[in-house]
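# A closer look at the structure
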Amino acid sequence: MKTISSVTIPKREQESHKGDYGRILLIGGNANLGGAIMLAARACVFSGSGLITVSTHSSNFAALHSRCPEAMVSDITDLKKLSKLIEQSDCILIGPGLGLDFKGNNTLTFLFQNIQPHQTLIIDGDAITILSKLKHTLPECEIIFTPHQKEWERLSNIPIEEQTYEKNKEAVKALNATVVLKKHGTELFFRDHEYKLSIGTPAMATGGMGDTLAGMITSFVGQFDLEEAVINATYIHSYIGEKLSKDMYIVPPSKLIDEIPYAMKSFES
Ligand SMILES: NC(=O)C1=CN([C@@H]2O[C@H](COP(=O)(O)OP(=O)(O)OC[C@H]3O[C@@H](n4cnc5c(N)ncnc54)[C@H](OP(=O)(O)O)[C@@H]3O)[C@@H](O)[C@H]2O)[C@@H](O)CC1
Ligand SMILES: Nc1ncnc2c1ncn2[C@@H]1O[C@H](COP(=O)(O)OP(=O)(O)O)[C@@H](O)[C@H]1O
Ligand SMILES: [Mg+2]
């Protein structure tokens, strides 16, 4: 497995506008787990997405507006609005803080019925757990899964202690998707090749760190080629985590998010 040693972020075109940097839809955040989708939304904004809408429980609206005024909001239970938002989006993230009850199940099912082949779908957190249970056929679009090891166990049926390179590769092939297997030494599985991260630190083992990565990946996919986007987002996430950990015992995800544009600038080609 190749190690990612550095990345480059392309310079922006002078003649461009927000519509050129991704129309993003983030779906998640129930009444108890609003923080997860807010972190994903802030990560998305700080990673450069042009237009972001968050479909979430309405009790999250005020906090979201206050923490992330750049993002628009929509009620996750309003399926008419959700269907329109799905149609208008380039990249869609579902999962952070979605919850595991029937509402989460219904939202995932509705998205699978409405997403189109030209769109890219990032499936994280509770959406992975729900999918593992419901066993829906995957929609015909590009899909990126971002599981931690337990979520990967649920999705692949490979117990954590048996998650070897060969078994993981086989399971990814069966899914016909990209998989970012998050752990110390995160592994990226593309269709015919794989990479491993040699950076990252236990200072990043804080709730919300994966929600932050999911937002970064979604944002980068809206701006760059899929493979480049996944590699760059994953590398820069851990790069910032490691950098901050030189002075901080733990790295709060919110602090990491603040650093994203500076790190992107430092890798600009
Ligand atoms: N502020 C918010 O709103 C936040 C909301 N969040 C949202 O909560 C939802 C649930 O997500 P989740 O990851 O917390 O729960 P779940 O899927 O049950 O996994 C945990 C189980 O897996 C096990 N485990 C084994 N290996 C592991 C590994 N490498 N990494 C992690 N876990 C590992 C672990 O083992 P144990 O800790 O018991 O040893 C435990 O048994 C999701 O939607 C997320 O977005 C959170 O992001 C927090 C901030
Ligand atoms: N010991 C560690 N070393 C490196 N990275 C870590 C470590 N622990 C956690 N991380 C990173 O933090 C993130 C955790 O993701 P996840 O478990 O989905 O968090 P959450 O759902 O709480 O947001 C992943 O990107 C993972 O690689
Ligand atoms: Mg997670």
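Anyway, here's the lowdown on the structure attached to this text. (Residues numbered from 1 in each chain as written. Chains lettered and ligands numbered in written order. Predicted model: local features only at pLDDT ≥ 70, side-chain atom pairs only at ≥ 80, totals over all residues. Heavy atoms only, no water.)

## What to know about the sheet that holds strand β4 (residues 72-75)
Cut-off, in case you're wondering: Strands qualify as paired when DSSP identifies two bridges or more between them. The way it works is that DSSP assigns letters per residue, a run of H or I at least four long becomes a helix, a run of E at least two long becomes a strand, and they are numbered from the N terminus. For helices, the fitted line uses only the C-alpha atoms of the stretch in contact; every axis is such a line through C-alpha atoms, and the angle between N-to-C directions lies from 0 to 180 degrees. Every residue pair with non-hydrogen atoms within 4.5 Å of one another is taken to be in contact.
Here we have 10 strands laid out as an open sheet, ordered β1-β10-β9-β8-β7-β6-β5-β2-β3-β4, and mixed in their pairing. On the outer flanks of this sheet lie β1 (2-4) and β4, each paired with one strand and no other. Taken pair by pair, the neighbouring strands of this sheet meet at an average axis angle of 20°, ignoring direction. Sheet contacts for helix α7 (residues 165-175): β7 (142-146), β8 (178-181), β9 (187-189) and β10 (194-197); angle to β9, the most-contacted strand, approximately 40°.

## Let's talk about the nonpolar core
Going by this rule: Only buried residues count toward a nonpolar core, which is a set of Ala, Val, Leu, Ile, Met, Phe, Trp, Tyr and Cys residues joined through side-chain atoms within 4.5 Å. With a 1.4 Å probe rolled over the protein chains alone, any residue whose accessible area is under 20% of its type maximum counts as buried; one over 50% counts as exposed, and the rest are partly exposed.
By size, the foremost hydrophobic cluster in this structure holds 53 residues, and its most contacted members are Leu26, Ile217 and Ile236. Counting 33 residues, the second largest nonpolar core, distinct from the first, contains Ile86, Leu98, Leu155 and Leu181.

## Let's talk about the site of ligand 1
This is how the line gets drawn: A cutoff of 4 Å decides nearness: a residue is near a molecule or strand if any of its heavy atoms lies inside that distance of it. Residues adjacent in sequence count toward polar contacts only when both atoms are side-chain atoms; beyond that, a polar contact is any pair of N or O atoms within 3.5 Å, and within protein one must be able to donate a hydrogen and the other to accept it. Residue-level accessible areas treat just the shown protein chains as cover; the underlying method is Shrake-Rupley with a 1.4 Å probe. In the scheme used here, Gly and all other residues not listed as nonpolar or charged are polar, with Ala, Val, Leu, Ile, Met, Phe, Trp, Tyr, Cys and Pro taken as nonpolar and Asp, Glu, Lys and Arg as charged.
Around ligand 1 there are 16 residues in total, and Gly97, Asp126, His148, Arg154 and Asp211 lie nearest to it. Leu33 is positioned with one of its backbone polar atoms (N or O) 3.4 Å from an oxygen atom of ligand 1. The contact in question runs from an oxygen atom of ligand 1 to an N or O atom on the side chain of Asp211, over 2.7 Å. Here ligand 1 loses 51% of its free accessible area of 910 Å² to cover by the protein chains. Mapped onto the shell around ligand 1, the elements with two or more residues apiece are α1 (34-46) and α6 (149-156). The element that contributes the greatest number of residues to the shell around ligand 1 is α6, accounting for four residues. Of the residues belonging to the shell around ligand 1, the class tally is five nonpolar, six polar and five charged.

These values are about where atoms sit, not about what they do.
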